[in-house]
Every structure is written in structure tokens, then in C-alpha cells.
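Report on the structure
Single-letter residue listing:
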Amino acid sequence: MSQTNRQWLLKERPVGMIEAHHFEQVSSAMPQPDLDAGEVLIKNLMLSMDPAMRTWVIDMKSYLPPVGIGEPMRSTGVGQVIESRNDGLPAGTLVTGFLDWQEYCVGGLEGRRPVIPVPSDVPIAWPLSILGNTSITAYFGLLEVGKPEPSETVLVSGAAGATGSVVAQIARIKGCDVVAIAGGEEKCDWLRNECRIEKVIDYKADDMNQRLGEFCPNGINLFYDNVGGETLQTAINHMAERGRIVLCGAISSYNDEAPSPGPNNLGLFIPRRLTMQGFVITDFFHRSDEALTALKGWLEAG
């Protein structure tokens, strides 16, 4: 086993587009050779790259503290326990959690870096994809925050992304009339052919305002927004009375060097009695098993 731990540290906070020079690779000492009771030494095998990571390098108060300058970049990952002082996580166990951009880390079932075992009956990458935080976010954001009803019109932005694609499919499974927004022919074809979403808008090629009018003649009952900006503004114009907007992300502005103008049509919330609510997945971590059970069931059913 290597005696050094390669890490990618946050070197400076990005303004605008994030680039390689904002990080630096270092080789540091192996973490804590003498484990405390309950701890395990983990070798990272796979790391996830999620849109939320862009927000974690901004120096502002949020649902998680920002990554500190000189700290390993935060990231979910899958790793294998190579040394253990925890009976629940023997050596050889595959685990997932916030393992960060590094080769080795110390974790446990509780404590500063909690990890959970990867189910033995799923592929190793699934805890970072279809059974990962993005899908759990989709599940609770749609069903608990949005509360869709069968036959309601549900609009999803960023619908070809990790979260949006799961939202669109769950809404379809729940009997909703789903409209998906994505960018580019390839993504739109994937939504139609693989996710079985019939109504798809290509924001790069279509007139979004016109297409929403065609697909949502009675208005949008629920808008699950991952994008913000102009997409949010256009969708507000098409919301039905007592419509709900779930704010999951605002990826259109994550790399802005200056704050973008907000929607200027919020006055519509009053006569149409609209509601808009943000949420974060940490609100629902204690119910993750519920989401994972449902997701695995839908996977097995095709």
C-alpha cells in the first residue's frame, strides 16, 4: 500500500467558469495510521461529478459549509475498506459517502465522515448514479415538495441531467403529463427513446415560449426547475392557477461573473396564487432507504 495520499485541493475560488488552475494536486501523508475505534481506512475507487459541486466552492453560507482553500475538493464517491476497527464495515466492504478528491480517507458508520455500505446486489457505480444523491434528490423533490397528482402537467428543466431525467421518469410513472426541456438533438432524442418522454423541448433550437403554449394549453401545474434564469421566467408565464414551482438548482447562473437579473414576472404569483419552494437533499437523508427501495423497484420493472 502506498505511504502517500494523492489529493486535489481547492487552490482558489473561481469567478466565472471553473478551470484546472483553481485546484492543485499534492501528495500528503497517509491519513491516520492508527485508527480509532469505529473507524475504517478507505481507498477511493470512483468519484462522482455533480452540478452541486460548483456551489460548494463559493464562499457563502449554504446547506453545507464551503470547501476551504487548501482542503480536498468535496465529492461523493465509492471506495473499499482496506483496514477496519468497525465490525459493521469489515475489510473488503464497498462503501459510499463524501470521500472527496483523494486516494485514501478515514470514515465510519458515524462521525465526521459517515459512510454506508454499497448493496451487494447492485453494480459498483450505481450509488453514484441511479441510486445516488441525484436520484434521491429527484425522488423527494418531486414527490414530497412538488406533490404531483395523476394527469397534472409537469414541466422539468435540465431534463437530460442526472436529477432531471429521474424526475421526468418518476412523473411519467405517476401518471403525469410530462414536458421535458433539454439542450440539443442528442439529449432530446435520448429523453424520447430511453426515458419514454413524448413531449420534449430543445431550448437551443425551439421557441420555448411557443412550445410551452402548444404542450401546456391549460398551463403548467408543477414545474421542477434545475436551471433558473430565462427558463424560469418563461415557465412562470405558463403556470396554471395554484401551480407549484420546485427550485432544485439554477445551473444557468452557476458560472456567472456577476449576478444575473431575476425573473421580472413574479407579479403573476398573486392573481394565479402560485407557490415556489426551494429544498436541499439533506432534509431527506434520514429517509434515503425509502427512495432507494422505490428506485430499485422501478429499475427491476424496466
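In what follows, the structure referred to is the one given above.
Below, the structure is looked at part by part. This is a predicted model, so every value here is computed, not measured.

Some words on the overall build of the protein chain
- Within the protein chain, the regular secondary structure consists of 7 helices and 13 strands.
- On C-alpha atoms alone, the protein chain measures out to a radius of gyration of 21 Å, which is about the 19 Å that the 2.2 N^0.38 rule sets for 302 residues.
- Counting over 302 residues, the protein chain shows a buried share of 45%.
- Of the accessible surface of the protein chain, which amounts to about 15400 Å², a share of 52% is contributed by carbon and sulfur atoms.

Remarks on the packing of aromatic side chains
- A full pass over the atoms with the stated rule returns 6 aromatic pairs.
- Geometrically, the ring pair formed by Trp-56 and Phe-98 is edge-to-face, given 5.7 Å between the ring centres and 80 degrees between the ring planes. Of this pair, Trp-56 sits in helix H1 (residues 52-56) while Phe-98 sits in strand S5 (residues 94-98), placing them 42 residues apart in sequence.
- Both rings, one in Tyr-139 and one in Trp-298, keep their centres 6.3 Å apart while their planes meet at 45 degrees; by these two values the pair is tilted. Taken together, the residues span a long stretch of sequence, with Tyr-139 in helix H2 (residues 133-146) and Trp-298 in helix H7 (residues 288-300) at a distance of 159 residues.

Some points on the layout of surface pockets
- Looking at the second largest pocket, its volume works out to about 1200 Å³.
- Around the second largest pocket sit 47 residues that line it, and Thr-96, Gly-97, Phe-98, Pro-114 and Val-115 are the ones nearest its centre.
- Across the lining of the second largest pocket, the residue classes break down as 20 nonpolar, 17 polar and 10 charged.

Details of the sheet that holds strand S10 (residues 199-202)
- Reading across the sheet, the 6 strands line up as S10-S9-S8-S11-S12-S13 and stay open at both edges, with parallel pairing between neighbours. Edge positions in the sheet fall to S10 and strand S13 (275-278), since each of these pairs with one other strand and no more. For this sheet, the mean angle separating the axes of adjacent strands, direction not counted, is 15 degrees.
- When strand S11 (residues 220-225) meets strand S12 (residues 239-247), the two strands line up parallel, connected through 5 bridges. Looking at the pairing, Phe-223 lines up with Ile-245 of S12.

Reading the values: the criteria
Residues numbered from 1 in each chain as written. Predicted model: local features only at pLDDT ≥ 70, side-chain atom pairs only at ≥ 80, totals over all residues. Heavy atoms only, no water. Helix = DSSP H or I, 4+ residues; strand = E, 2+ residues; numbered from the N terminus. Rg over C-alpha atoms; globule rule 2.2 N^0.38 Å. Buried < 20%, exposed > 50% of the residue type's maximum accessible area, 1.4 Å probe, protein only. Areas by Shrake-Rupley, 256 points an atom, 1.4 Å probe, with all protein chains shown as cover. Phe/Tyr/Trp six-rings, centres within 6.5 Å; stacked < 30°, edge-to-face > 60°. 1 Å grid on protein atoms, 1.4 Å probe; cavity = no way out; pocket = protein on both sides within 12 Å on 5 of 7 lines; lining within 4 Å. Points joined across faces, edges and corners; volume = space filled by probe spheres on them. Nonpolar A, V, L, I, M, F, W, Y, C, P; charged D, E, K, R; others polar. Pairing = 2+ DSSP bridges. Axes fitted to C-alpha atoms, helices over the stretch in contact; angles between N-to-C directions.

The values reported here are purely geometric and, on their own, carry no functional implication.
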